[in-house]
Amino acid sequence: MRADRLVATLLFMQTRGRVTARQVAAELEVSVATARRDLEALSAAGIPVYPQPGRGGGWSLVGGARTDLSGLTAAEAHALFLLVGPAAAVAPEAKAALRKLVRALPDTFRADAEAAATAVVIDPAGWGERVAPRSPVVELLERAVVRRRTVRFSYASRGREPTTRVVDPWGLVDKDDVWYLVAGTDAGQRTFRVDRVAGVELTARTFPRPAGFDLATAWDRVVAEVEEHRSGVSATVLVAARHVFVLRDQFGRHCVVLDTLDDGRVRVRLSAPTPLMIAQPLAGWGALLEVADSPEVRAELARLGAELVARYAVTGSSPTS
């Protein structure tokens, strides 16, 4: 659990004063890259952790080596507990680490730190749903990422028979409760949906992570490519300004406001992979909007309208199934 590691890293720095990412990795039994990301996360959260370049450098806690956390200001302690607090609600290890960290704080900070740690609760379950247990496949792949172990698994691409893949796992991404594995293959970087992965085996082979690889940057590129693919068809619609927010809710980042006409209506560009995927959300709008271009989308709307009329038009007789 990352929150547990962040706390352990900070306590380790308190006892050493200055550390290198390699020392943190050896102490916590993680990769050097993971240790470096954790140090950067602490710094980004407002904790006074700063890199010291040059020979004999490393990462330092401002104020030097200490045996407690008295070097933190109230604001810095607040930032740290907001960072790791939500994880403690779902991870017993993080909760135990948080208690240790509270005890290490000066008395004057403890009340605010405890309040910050409990200020945010993350409830991943939708209404009427139960929290799904974390997939054991994710746990195994996470271990492979940290240990830099090549993995072998069966993967079923959409509409295809499963095939055996051997990949170097570079990182995992949780996007809207769907896990993805970013990995290196003989054909270069590839992305795999973890719910299509089965039979994961950690091999004895280890691998170096590519120089300069950053998981967040790599994932941004994956998202950009997917969103571009999802925007293969576009249509311009005219709608009252007060309704634009509804289109934004329906189409997300694929809804772009272009300009406002003299009659007060707003021109909006909508995008989707197919004309039907644009027409379906618009079919319920009736005359509240107008598709100004895209004959394909207009044709789909006409077809959907004809189907609705054929099914629901009042003919004077009782409807039959």
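For the structure itself, consult the block above.
Nothing here was measured: the structure is a model prediction, and the numbers come from that model. (Residues numbered from 1 in each chain as written. Predicted model: local features only at pLDDT ≥ 70, side-chain atom pairs only at ≥ 80, totals over all residues. Heavy atoms only, no water.)

**Q** Before we move on, could you go through the layout of surface pockets and cite the residues and values that matter?
**A** Of the voids in this model, the second largest pocket is the one considered here, and its volume is about 1,200 Å³. Lining the second largest pocket are 36 residues, with Tyr180, Arg193, Val226, His229 and Arg230 positioned closest to its centre. For the lining of the second largest pocket, the secondary structure elements donating two or more residues are strand S5 (163-175), strand S6 (178-185), strand S7 (188-193), helix H8 (215-229), helix H9 (244-251), strand S11 (265-272) and helix H10 (275-282). The biggest single contributor to the lining of the second largest pocket is H8, with nine residues. In terms of residue class, the lining of the second largest pocket is made up of 14 nonpolar, nine polar and 13 charged. (1 Å grid on protein atoms, 1.4 Å probe; cavity = no way out; pocket = protein on both sides within 12 Å on 5 of 7 lines; lining within 4 Å. Points joined across faces, edges and corners; volume = space filled by probe spheres on them. Helix = DSSP H or I, 4+ residues; strand = E, 2+ residues; numbered from the N terminus. Nonpolar A, V, L, I, M, F, W, Y, C, P; charged D, E, K, R; others polar.)

**Q** How would you summarise helix H3 (residues 32-44) if you had to cite specific residues and measurements?
**A** With 13 residues, H3 extends 18 Å between its outermost C-alpha atoms, agreeing within 8% with the 18 Å of an ideal straight helix rising 1.5 Å per residue. Within H3 the residues assigned to the buried category are Ala33, Thr34, Ala35, Asp38, Leu39, Ala41 and Leu42. Glycine 46 lies just past H3 and shows a positive phi near 100 degrees. (Expected span 1.5 Å × (residues − 1). Buried < 20%, exposed > 50% of the residue type's maximum accessible area, 1.4 Å probe, protein only.)

**Q** Tell me about the sheet that holds strand S4 (residues 149-155), residues and numbers included.
**A** Judged by pairing direction, the sheet is antiparallel, and its five strands sit side by side in the order S7-S6-S5-S4-S8 without closing on themselves. Each end of this open sheet is capped by a strand with a single partner; those strands are S7 and strand S8 (197-206). Ignoring which end each strand starts from, the neighbouring axes of this sheet average 45 degrees apart. With five bridges connecting them, S4 and S8 associate as antiparallel partners. Looking at the pairing, tyrosine 155 lines up with valine 197 of S8. Lying over the sheet, helix H7 (residues 136-147) contacts S4, S5, S6 and S8, oriented at roughly 95 degrees with respect to S5. (Pairing = 2+ DSSP bridges. Axes fitted to C-alpha atoms, helices over the stretch in contact; angles between N-to-C directions. Contact = heavy atoms within 4.5 Å.)

**Q** Which residues make up the side chain of aspartate 168, and what are the values?
**A** Structurally, aspartate 168 can be placed in strand S5. When its relative accessible area of 13% is taken as the criterion, aspartate 168 is described as buried. Looking at aspartate 168, its side chain comes within polar contact range of the side chain of threonine 150, at 2.7 Å. (Polar contact = N/O pair within 3.5 Å; in protein donor to acceptor, adjacent residues only side chain to side chain.)

**Q** Residues and numbers for a nonpolar patch on the surface, please.
**A** On the surface, Leu82, Val120 and Ile122 cluster together into a nonpolar patch covering about 240 Å² of accessible area. If you trace the backbone, leucine 82 turns up in helix H4 (residues 74-88). (Patch = residues over 30% accessible without salt bridge, like charges linked within 9 Å, V, L, I, M, F, W, Y side chains within 5 Å. Areas by Shrake-Rupley, 256 points an atom, 1.4 Å probe, with all protein chains shown as cover. Salt bridge = Lys/Arg side-chain N within 4 Å of Asp/Glu carboxyl O.)

**Q** With reference to specific residues and values, describe the sheet that holds strand S2 (residues 49-52).
**A** Read across the open sheet, the three strands follow the order S1-S3-S2; overall the sheet is antiparallel. The open sheet has two edge strands with one neighbour each: strand S1 (18-19) and S2. Two elements, S1 and strand S3 (residues 58-61), share two bridges in a ladder whose sense is antiparallel. The residue bridging valine 19 from the neighbouring strand is tryptophan 59, located in S3.

Read these as spatial facts, not as claims about activity.
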